[in-house]
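Coordinate analysis (summary)
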Amino acid sequence: MTSNKVLLSTTYFGPVQWYQKLYRAEHVTIEQWESFQKQTYRNRCLIATTQGVQALTVPVEKPANGGNCIKDLRISDHGNWRHLHWNALQSAYGESPFFEYYQDDIRPFFEERWAFLLDFNEAIRQKICDLIDFEPKLSYSTEYIVDSKTIAADDLRVSINPKHPVQDDEFEAKTYYQVYQAKHSFLKNLSVIDLLFNMGPESIFYL
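Figured I'd write up the structure that's included with this text. (Residues numbered from 1 in each chain as written. Predicted model: local features only at pLDDT ≥ 70, side-chain atom pairs only at ≥ 80, totals over all residues. Heavy atoms only, no water.)

**Regarding the side chain of Gln 103**
- Here Gln 103 is to be found in helix α3 (residues 99-106).
- For Gln 103, a relative accessible area of 17% puts it in the buried group.
- With residues up to four places along the chain from it excluded, the contact list for Gln 103 reads Trp 86 and Pro 108. (Helix = DSSP H or I, 4+ residues; strand = E, 2+ residues; numbered from the N terminus. Buried < 20%, exposed > 50% of the residue type's maximum accessible area, 1.4 Å probe, protein only. Contact = heavy atoms within 4.5 Å.)

Take a look at the structure:
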C-alpha cells in the first residue's frame, strides 16, 4: 500500500476506483461541506446489466434554507426509488457467484430510510469496508477545503467522475469475472457492488 493522503467526495456505492483510493491511502478525508453536484457518484452508481451499464440515482431534495451543502442534502422519497434500485440489483446480480451470500447485508439499505444523503452513503461505505475486510483511516472535513495542500492530500473530489473522468495513471482497473462479460466484454470501474457480488472475499485483491 502506498503512503499517501487523499481528499474524496462522498459516494453512493462508489466505483472500484474510489474504493481503491480508500484502501490504498494512508489517510482519507471525506468532504462534507462542498456544494452538491448533479450526475456524479455522490448520489449515483453504475452497475452491469444484461443491456449494459445502468445508472442508479438517489433522488435528493435541497435543504429548506435553500443551500446546497452536501452534509445538509436530504434524500427524497420520490418515485419509489428504493424498490427500483433493489429490483435492479436483483435482476443484474441474482446469478452472480456471491449475491445470495451478501444480499442480507445489502438489502437493508433499500428497506430502511436515511434522512440525509451523506449519512446514507457513509453507512454504505462502512458496510462495504466490513464486507471486503479493511478499515481505512478516515476523517471528515470541518469546513470546505479550498486547497487540499492545506491537509497535504491529493484532491480527487472532481477527478473521480462518471461523466467526465480525469485520466488516473495510478488507478489499476484490473479485470475480474463479470456475469455479462461474454456479452459486453469487461466493464471497468463500475460500482464496488459489482466487484463484491462477482468476486466476494477476493474483492480486496482487486483494490
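**Considering helix α6 (residues 192-199)**
- With eight of its eight residues buried, α6 lies for the most part within the structure.
- When we look at burial in α6, the residues that qualify are Val 192, Ile 193, Asp 194, Leu 195, Leu 196, Phe 197, Asn 198 and Met 199.
- Each element contacted by the buried residues of α6 is listed here: α1 (16-24), β3 (44-49), α2 (81-93), α3 and α4 (117-132).

**Comments concerning the pairing of strand β4 (residues 52-57)**
- As paired strands, β3 and β4 are joined by six bridges and run antiparallel to one another. Residue pairing for β4: Ala 48 is matched across the bridge by Val 53.
- Linking β3 back to β4 in an antiparallel pair, the connection comprises two residues. (Pairing = 2+ DSSP bridges.)

**Section: the nonpolar core**
- Membership of the largest hydrophobic core comes to 57 residues, with the highest contact counts inside it found for Tyr 12, Phe 13, Ile 128 and Ile 193.
- At the level of secondary structure, the elements contributing two or more residues to this core comprise β1 (5-9), α1, β2 (27-31), β3, α2, α3, α4 and α6.
- Looking at which element gives the most residues to this core, the answer is α4, with eight residues.
- Look past the residues within four positions of Ile 128 in its chain and what remains in contact with it is Phe 13, Tyr 19, Ile 106, Val 192, Ile 193 and Leu 196. (Core = buried A, V, L, I, M, F, W, Y, C linked by side-chain atoms within 4.5 Å.)

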